[in-house]
Number of protein chains: 2
Amino acid sequence: MTENIYRLPHQIVYYETDPTGKLSLGKLVDLMMLASYAQGKAVGMPEEKLNAQGHGWVITQHLLSVTRLPRRDEKVVIETKATAYNRYFCYRDFWLRDEQGEVLAQMHTAFVLLDLKTRKITRITSDVIAPFGPEPLRSIERLASPKRLEEVELAKDYRVRYFDIDSNHHVNNVHYIEWMLDVLDKDFLMEHEPVALNIKYEHELNYGQTCTSKVELLRSKDELTTLHEIYMADGTLSCSAQVTWR
Amino acid sequence: MTENIYRLPHQIVYYETDPTGKLSLGKLVDLMMLASYAQGKAVGMPEEKLNAQGHGWVITQHLLSVTRLPRRDEKVVIETKATAYNRYFCYRDFWLRDEQGEVLAQMHTAFVLLDLKTRKITRITSDVIAPFGPEPLRSIERLASPKRLEEVELAKDYRVRYFDIDSNHHVNNVHYIEWMLDVLDKDFLMEHEPVALNIKYEHELNYGQTCTSKVELLRSKDELTTLHEIYMADGTLSCSAQVTWR
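What counts as what
- Residues numbered from 1 in each chain as written.
- Chains lettered and ligands numbered in written order.
- Predicted model: local features only at pLDDT ≥ 70, side-chain atom pairs only at ≥ 80, totals over all residues.
- Heavy atoms only, no water.
- UniProt positions renumbered as here; feature names shortened; annotations may be inferred.
- Helix = DSSP H or I, 4+ residues; strand = E, 2+ residues; numbered from the N terminus.
- Buried < 20%, exposed > 50% of the residue type's maximum accessible area, 1.4 Å probe, protein only.
- Contact = heavy atoms within 4.5 Å.
- Areas by Shrake-Rupley, 256 points an atom, 1.4 Å probe, with all protein chains shown as cover.
- Least-squares fit on C-alpha atoms with pLDDT ≥ 70 in both.
- Phe/Tyr/Trp six-rings, centres within 6.5 Å; stacked < 30°, edge-to-face > 60°.
- Lys NZ or Arg CZ within 6 Å of the ring centre and 35° of its normal.
- Pairing = 2+ DSSP bridges.
- Buried area = accessible area lost by both parts, 1.4 Å probe.
- Salt bridge = Lys/Arg side-chain N within 4 Å of Asp/Glu carboxyl O.
- Polar contact = N/O pair within 3.5 Å; in protein donor to acceptor, adjacent residues only side chain to side chain.
- Nonpolar A, V, L, I, M, F, W, Y, C, P; charged D, E, K, R; others polar.

Per an unreviewed UniProt entry, the recorded name for chain A is Acyl-acyl carrier protein thioesterase, and the organism is Ligilactobacillus murinus DSM 20452 = NBRC 14221. In UniProt, chain A has this text filed under Sequence similarities (unreviewed entry): "Belongs to the acyl-ACP thioesterase family."

Here it is in structure tokens:
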């Protein structure tokens with residue numbers, strides 16, 4: 001019996017790092033998604049095949065924890081495994097390891113399958129999911145939602161640019177993370193390291209649309225947390241997140 | 001005698017492609033810069049060593065020509081060679097090749113050496129350049145400048161974001177290309193392919209600064225050209241470019 005884990009070796013390059021010289025949170029998620037895409041190809045169920053059948057995977061939530069972000073030139077391995085699924089959700093785990101095998105970061109992601117024509121969630125059939133070998137579940141995982149903002153401290157507007165959209169004409173989910181963090185100023189981002197990110201995707205933005213990224217800082221004795229919400233121009237919540245810092 | 005060409009194999013990944021499914025122009029330049037950085041490491045004159053000596057390479061101009069942009073998953077090789085240098089300029093050539101060895105794109109780049117403290121151009125000494133094996137030149141290459149704009153047709157404002165700056169606290173030169181092209185609308189960018197880019201860097205932008213990216217379209221019987229200029233808030237020209245399309 002195979003353990004169904006896919007491994008992608010990678011060496012961190014300069015444009016994946018932020019001003020601190022370490023892998024940026026957005027690029028970390030990009031690398032994890034890359035491993036998931038590569039596994040699809042390896043098991044004979046690539047995204048292209050799914051798209052040709054009129055379906056596509058859409059991320060609804062990421063739960064990420066970080067021990068240490070690797071630096072430029074560091075060699076790492078990204079591991080991924082589709083752990084479980086039910087009628088409407090597929091759950092996937094990711095690990096980022098250093099050369100010694102130490103876990104640097106870990107992520108749990110929930111996906112739904114979208115009917116690309118109707119843009120509605122569709123039932124996950126076994127032919128789509130079986131090649132990845134996840135366990136069938138009867139129940140739906142109850143993942144904690146990010147805490148909601150009470151008082152907006154900082155806000156900035158962003159416009160979806162041409163290079164933010166991918167070949168499926170969607171905004172790459174990583175840009176939402178960058179729009180959330182960029183609102184915090186440079187000094188904050190240079191002086192703090194993210195330890196955990198819980199991000200939930202609600203409504204997709206499209207090319208040319210503008211959004212407002214809002215943030216609230218919660219400081220307690222032991223912990224520094226930022227709450228993030230991205231709103232579409234009509235007031236619809238597009239995405240929310242909670243980040244813990246050290 | 002070695003030919004002093006460095007070769008970097010690479011496979012195009014989804015987040016390097018644009019909505020057409022092909023490698024974006026900005027990411028192409030990123031990959032070429034990566035090959036140049038890797039050569040520095042390979043010959044024992046890495047950027048970090050240069051930085052520790054108080055110096056850094058700065059790009060003044062790229063002259064790029066494109067035959068075909070590779071698609072997601074395509075395997076390519078990026079080649080680079082420092083071809084020549086004089087007192088103040090180093091010239092480097094790049095080639096992007098497909099698996100059959102066909103040239104997909106070619107770039108000629110001029111670099112100057114900056115004193116990181118004074119931010120002034122400094123003389124290129126032989127200990128810095130000799131490991132790369134370029135030919136010494138007596139003269140300075142006369143590279144054609146991009147044609148200047150006469151009538152602004154489209155303009156958009158951009159703000160330098162946290163994730164636009166690298167570990168040297170500079171804006172990655174590739175972002176200027178993205179700010180230039182994003183001004184053109186999606187339909188234009190989906191329907192046309194770049195064949196040539198001439199981009200000249202004049203004044204660096206810093207974190208938090210805003211700029212205006214302006215464009216003029218020149219249509220002749222045989223050719224479609226766009227002229228681009230990026231201005232800082234105080235009216236200083238930061239960067240200009242000329243792109244030919246098919």
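There is more to say, and it comes next.
Our focus in this paragraph is the overall build of chain A. For chain A, the helix and strand inventory stands at 5 helices and 12 strands. In chain A, buried positions account for 56% of the 246 residues. Sequence-distant contacts, at least 24 apart, represent 71% of the contacts inside chain A between residues at least 6 apart. Counting every atom, chain A has about 11,300 Å² of accessible surface; 48% of that belongs to carbon and sulfur.

So, on to the relation of the copies chain A and chain B. The two copies are related by a screw motion: chain A maps onto chain B through a turn of 180 degrees and a shift of 0.0 Å along the axis, at an RMSD of 0.0 Å. As the rotation angle and translation indicate, the two copies are arranged about a two-fold axis. In terms of C-alpha distance to the rotation axis, chain A has Y158 of chain A as its closest residue, with the C-alpha 4.9 Å off the axis. A share of 100% of interface residues in chain A that are also interface residues in chain B marks the association as one of identical surfaces.

Okay, the packing of aromatic side chains next. How two aromatic rings sit relative to each other is set out by the distance from centre to centre and by the angle between their planes. Tallied over the full model, the rule gives 16 aromatic pairs over all chains. With a centroid separation of 6.2 Å and an interplanar angle of 25 degrees, the aromatic rings of Y158 of chain A and W179 of chain A are classed as stacked. One end of the pair, Y158 of chain A, is in strand β8 (residues 154–159); the other, W179 of chain A, is in helix α4 (residues 174–182), with 21 residues separating them in the sequence. Taken together, the aromatic side chains of Y158, Y176, W179 and Y201 of chain A make up a single cluster linked through ring pairs. Positioned over the ring face of Y37 of chain B is R72 of chain A, at 3.8 Å from the centre of the ring.

What follows concerns the UniProt feature "domain: Acyl-ACP thioesterase N-terminal hotdog" (unreviewed entry) in chain A. In the UniProt entry, the feature "domain: Acyl-ACP thioesterase N-terminal hotdog" (unreviewed entry) is given for residues 5–132 of chain A. Annotated as residues 5–132 of chain A, this span is 22% helix and 42% strand, and its ends, taken at the C-alpha atoms, are 9 Å apart.

Let us look at the pairing of strand β10 (residues 210–219) of chain A. All names here are of chain A. Where β8 lies against β10, 6 bridges are found, and the strand directions are antiparallel. By the bridge assignment for β10, D157 is matched with T212. Note: β10 against strand β11 (residues 224–232), 9 bridges, orientation antiparallel. For S213, the partnering residue across the bridge sits in β11 and is I230. Taking the residues between adjacent antiparallel strands as the criterion, β10 and β11 are bridged by 4 residues.

In the numbering adopted here, UniProt assigns the feature "domain: Acyl-ACP thioesterase-like C-terminal" (unreviewed entry) to residues 151–246 of chain A. Taken end to end, residues 151–246 of chain A is 16% helix and 44% strand, and its two terminal C-alpha atoms sit 22 Å from one another.

With that settled, consider the interface of chain A and chain B. Taken together, the contacts link 41 residues of chain A with 41 residues of chain B. The contact between chain A and chain B buries some 4,000 Å² in all, and 54% of this surface belongs to carbon and sulfur atoms. By the criterion of area lost to chain B, the three top residues of chain A are R161, Y162 and F163 of chain A, representing 20% of everything that side buries. Inspection of the region where chain A meets chain B yields 8 salt bridges. For R72 of chain B, the salt bridge goes to E47 of chain A, with nearest N and O atoms at 3.7 Å. Inspection of the chain A/chain B interface yields 14 residue pairs in polar contact (both at pLDDT 80 or more). Breaking the side of chain A that touches chain B down by element, the ones donating at least two residues are α1 (25–42), α2 (47–52), β8, α4 and α5 (186–191) of chain A. Sorting elements by how many residues they give to the side of chain A that touches chain B places α1 of chain A first, with 6 residues. Looking at the side of chain A that touches chain B residue by residue, the classes come out as 18 nonpolar, 6 polar and 17 charged.

The next subject is the side chain of T60 of chain A. As for its position among the elements, T60 of chain A is in strand β2 (residues 55–66). Setting aside chain neighbours within four positions, we find T60 of chain A in contact with F89, A110, F111, V112, I199, K200 and Y201 of chain A.

Moving on to the pattern of salt bridges. A full pass over the atoms with the stated rule returns 26 salt bridges over all chains. The salt bridge partner of R72 of chain B is E48 of chain A, with a shortest N-O separation of 3.7 Å. Taken together, the residues span two chains, with R72 of chain B in the loop between β2 (55–66) and β3 (75–85) and E48 of chain A in helix α2. Taking the relative accessible area as the measure of exposure, R72 of chain B reaches 17% and is therefore buried. If you follow the salt bridges from partner to partner, you end up with R7, E79 and R97 of chain A in one network.

What follows is about the environment of D30 of chain B. Residue placement: D30 of chain B occurs in helix α1 (residues 25–42). The buried category is assigned to D30 of chain B, whose relative accessible area is 4%. Note: C-alpha distance between D30 of chain B and M190 of chain B (160 residues apart in sequence) is 21 Å. Sequence-distant contacts of D30 of chain B, defined by excluding residues within four places in its chain, comprise Y14 and Y15 of chain A together with N172 and V174 of chain B.

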